[in-house]
Amino acid sequence: MTPVRIAIIGAGKVSDYHHVPGIRLDPRAQLVAVCDADAALVEQRKREWNVAFGSTDYEAVCADPRATAVIIATPNFTHKPIALCAARHGKHVMCEKPLGLSADEAREMYQAAQKAGVVHMTAFTYRFAPAMRFLRYLHKTGALGAPRHFRSQRFLDWPETSWGWRQYKEKAGAGDLFDMTIHRIDFARDLLGPIRRLTGALARFAPRDRLPNGQPCPTSDVDDWSSILGVFACGATGVWEGTTLAKGYHLRGFGHEWAEINGSEASSVYRMHEPNSILLGKTGQDLAPTPVPAEFLKPKGSPRDPASGDPATVFRYDLAYEFVSAIVERRPSVPSFYDGWQAQVAADAVIESWESGRWIELPAEIV
Ligand SMILES: NC(=O)c1ccc[n+]([C@@H]2O[C@H](COP(=O)([O-])OP(=O)(O)OC[C@H]3O[C@@H](n4cnc5c(N)ncnc54)[C@H](O)[C@@H]3O)[C@@H](O)[C@H]2O)c1
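About the criteria used
Residues numbered from 1 in each chain as written. Predicted model: local features only at pLDDT ≥ 70, side-chain atom pairs only at ≥ 80, totals over all residues. Heavy atoms only, no water. Helix = DSSP H or I, 4+ residues; strand = E, 2+ residues; numbered from the N terminus. Expected span 1.5 Å × (residues − 1). Buried < 20%, exposed > 50% of the residue type's maximum accessible area, 1.4 Å probe, protein only. Polar contact = N/O pair within 3.5 Å; in protein donor to acceptor, adjacent residues only side chain to side chain. Domains from an automatic or database assignment. Contact = heavy atoms within 4.5 Å. Buried area = accessible area lost by both parts, 1.4 Å probe. Salt bridge = Lys/Arg side-chain N within 4 Å of Asp/Glu carboxyl O. Axes fitted to C-alpha atoms, helices over the stretch in contact; angles between N-to-C directions. Parallel < 35°, antiparallel > 145°, perpendicular 65-115°, else oblique. Left-handed = near helix turned anticlockwise from the far one by under 90°. Nonpolar A, V, L, I, M, F, W, Y, C, P; charged D, E, K, R; others polar.

So, about helix H11 (residues 337-356). Taking 1.5 Å per residue as the helical rise, H11 with its 20 residues ought to reach 28 Å, and the 28 Å between its terminal C-alpha atoms agrees with that figure. Burial of H11 is extensive: 15 of the 20 residues sit out of reach of the surface. If you check the start of H11, you find a side-chain oxygen 3.0 Å away from the backbone N of tyrosine 338, and it comes from serine 336. Positive phi appears at glycine 357, one or two residues downstream of H11, with a value of about 70 degrees.

Put into structure tokens, the structure is as follows:
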């Protein structure tokens, strides 16, 4: 079988953390090119990742026949031009979240990839966590009863120094909302279906006007706390809260993540830092840990050994497995650019709600 030949565009932290290890695990995939705007980083990654072809020019990489697929892991403001270029050259494309700087950008990316007939995927990592996969199964098979409430908390204890490009609206679109909460909007949609209406609130507490080395830098203009109250089309209610300023929530750098469904029969909780177990409880009981059954520890066929590595890290490698599987099996990837677009519709509505002081009705999704 001809391998899926992948180029990484954006050779920074997330590519090194899970995209490249995910590609390495999959015998059907081959890392053939590395592209980054930083020429020194290209040379470093060529050595570290053992890749012969490196470039600072994403257009050249997208046009090169050596690659059949690209993974875009660059700052948010560059996602749209790179994804459109990849689609123009007929490359399958996985793009990091948020897909764009706005829902309009995300829609354009979805439409371009659809028109080009390429596989398109949004890197919504937490859908792949074993506990999330099992929670979804319990809900979809009715084990929790009728869903009533969804609750998501993502609390990180990050330094209050500069976040680099992430702390400027022009480059990131928004702060915690687009960086963290957008994942939680996505898995809430995946669990409970479309969100019908929402209201949101945002805040910025830390000026982040110093680099980690103490040098001054321009003040951040994005949120570092985001929250949503919502109602799903299925009738369930949702509450989301995320912050990077939760002191005491370091938890080995993974932070606190809690997402639950309260159904008419039972409640069940996913926790990212304990991804191989869920909490489960029926009325009159206390929530208690339950191991995730073996068939939910990884997608069927994934070459990953679930017993190997830190469980809070290694499930992320299954993103590449899904992307490659969709290409090999000639089927749409899940989650797709459509999901990235819809999550961004909701995230944009949070900003609109906060700025206008109103609840926002979301447009019906295409089914
Ligand atoms: N899915 C997840 O769990 C997850 C986790 C972390 C980051 N992310 C997303 O991944 C993306 C990258 O985040 P990161 O933490 O790796 O950032 P990073 O700053 O470490 O890396 C980004 C890299 O892109 C390069 N770059 C910038 N412009 C470029 C261009 N035009 N062409 C080629 N390279 C370019 C930069 O030089 C840098 O090396 C962001 O969109 C972020 O939201 C997702």
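Next up on the list: the domain arrangement of the chain. By the assigned domains, the chain splits into domain 1 (4-125) and domain 2 (126-310 + 343-356). Averaged C-alpha coordinates put domain 1 and domain 2 at centres separated by 25 Å. With 19 residues of domain 1 in contact, the opposing surface of domain 2 contributes 21 residues. Among the residues domain 1 hides against domain 2, the three largest losses belong to Lys97, Phe124 and Thr125. Together they make up 37% of the total. Between domain 1 and domain 2 we count 1 salt bridge in total. Here lysine 97 and aspartate 179 are joined by a salt bridge, their closest N and O atoms 3.2 Å apart. Across the contact surface, domain 1 and domain 2 share 10 residue pairs in polar contact (both at pLDDT 80 or more).

Turning next to the pattern of salt bridges. Scanning the entire structure with this criterion turns up 25 salt bridges. Residue arginine 151 pairs with glutamate 260 through a salt bridge whose shortest N-O separation is 3.2 Å. Remark: glutamate 260 occurs in strand S11 (residues 256-263) and arginine 151 occurs in strand S7 (residues 147-155); sequence separation between them is 109 residues. Through salt bridges with shared partners, a single network forms among Arg127, Arg136, Asp186, Arg189, Asp190, Asp339 and Glu365.

This paragraph deals with the packing of helix H5 (residues 103-116) against H11. The geometry of a pair of packed helices is captured by two quantities: the angle between their axes and the separation between those axes. Relative to each other, H5 and H11 sit at 170 degrees, their axes nearing to 8 Å. Classed by the angle they form, the pair H5 and H11 counts as roughly antiparallel. For the crossing formed where H5 meets H11, the hand is left-handed. Here Ala103, Ala106, Arg107, Met109, Tyr110 and Ala113 of H5 lie close against H11, whose contacting residues are Phe337, Tyr338, Gly340, Trp341, Gln344, Val345 and Asp348. Taken together, the residues that form the contact of H5 with H11 break down as 9 nonpolar, 2 polar and 2 charged.

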